[in-house]
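Here is how the chains run, residue by residue.
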Amino acid sequence: LKNDEGLANTFYQAIMSGDEDTKGQYHAQYWQYTKEELQKHVDGTLRDLDKWSEKANSYDLNTHPRVPLILQHNAFVKQTFLNVKANLDVM
């Protein structure tokens, strides 16, 4: 769709008008591309979370007392993305 403005506009109009049949046709036709982009996003986010957690672990807790909270948040987000990855892998 990003390479064909006409198709993109038709899809946009279907969204704006609530045309579920047309939206469904587009989703069915382009699902594999959507899935590939989602997988890239998930994999990239997982890599980033590991990098950010590694960086946070290098901070001195005396000057950065919120590091444990950041690490806990990163662990939660990572698990969420791992769950999404598992679901995408079987689709």
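Data block above holds the structure.
Residues numbered from 1 in each chain as written. Predicted model: local features only at pLDDT ≥ 70, side-chain atom pairs only at ≥ 80, totals over all residues. Heavy atoms only, no water.

(A) Geometry of the overall build of the chain. Looking only at helices and strands, the chain has 3 helices and 0 strands in total. Beginning at the N terminus, the succession of helices and strands in the chain can be written as α-α-α. The C-alpha atoms of the chain give a radius of gyration of 19 Å, which is well past the 12 Å a tight globule of 91 residues would have. Residue burial in the chain is summarised as follows: out of 91 residues, 21% are buried. For the chain, contacts bridging at least 24 residues in sequence account for 51% of all contacts bridging at least 6. On the chain, roughly 7,100 Å² of surface is accessible, and the fraction owed to carbon and sulfur atoms is 55%. (Helix = DSSP H or I, 4+ residues; strand = E, 2+ residues; numbered from the N terminus. Rg over C-alpha atoms; globule rule 2.2 N^0.38 Å. Buried < 20%, exposed > 50% of the residue type's maximum accessible area, 1.4 Å probe, protein only. Contact = heavy atoms within 4.5 Å. Areas by Shrake-Rupley, 256 points an atom, 1.4 Å probe, with all protein chains shown as cover.)

(B) Up close: the side chain of threonine 45. In this fold, threonine 45 is placed in helix 2 (residues 20-57). Of note is the side chain of threonine 45, whose polar atom sits 2.8 Å from the backbone oxygen of histidine 41. (Polar contact = N/O pair within 3.5 Å; in protein donor to acceptor, adjacent residues only side chain to side chain.)

(C) Local environment of the environment of glutamine 79. Examined against the element boundaries, glutamine 79 turns out to sit in helix 3 (residues 67-89). Considered as a pair, glutamine 79 and isoleucine 15 are 64 residues apart in the sequence and their alpha carbons are 32 Å apart.

(D) Molecular detail of the nonpolar core. Membership of the largest hydrophobic core is limited to 6 residues, which are Val42, Leu46, Leu49, Val77, Phe81 and Leu88. Of all elements in the fold, only helix 2 and helix 3 reach the threshold of two or more residues within this core. Setting aside residues up to four positions removed in sequence, leucine 49 forms contacts with Asn74, Val77 and Lys78. (Core = buried A, V, L, I, M, F, W, Y, C linked by side-chain atoms within 4.5 Å.)

(E) Main features of the side chain of serine 53. You can see serine 53 is positioned in helix 2. What makes serine 53 buried here is its relative accessible area of 17%. Among the polar contacts made by the side chain of serine 53, one reaches the side chain of asparagine 74 at a distance of 3.1 Å. Those residues in contact with serine 53, other than ones at most four positions away along the chain, are Leu71 and Asn74.

(F) Molecular detail of the packing of helix 2 against helix 3. Following both chains from N to C, one finds helix 2 and helix 3 inclined at 155°, their axes separated by 9 Å at the closest point. One element, helix 2, and the other, helix 3, form an angle in the roughly antiparallel class. Considering only the axes of helix 2 and helix 3, their crossing is left-handed. Residue composition of the contact of helix 2 with helix 3, by class: 14 nonpolar, 6 polar and 6 charged. (Axes fitted to C-alpha atoms, helices over the stretch in contact; angles between N-to-C directions. Parallel < 35°, antiparallel > 145°, perpendicular 65-115°, else oblique. Left-handed = near helix turned anticlockwise from the far one by under 90°. Nonpolar A, V, L, I, M, F, W, Y, C, P; charged D, E, K, R; others polar.)

(G) Geometry of the packing of helix 1 (residues 5-17) against helix 2. Packing of helix 1 against helix 2 leaves a shortest axis separation of 8 Å and a crossing angle of 135°. Between helix 1 and helix 2, the angle is such that the two are oblique. As for how helix 1 packs across helix 2, the hand of that crossing is left-handed. In this structure, helix 1 contributes Leu7, Thr10, Phe11, Ala14 and Ile15 to the contact, and helix 2 contributes Thr22, Lys23, Tyr26, His27 and Tyr30.

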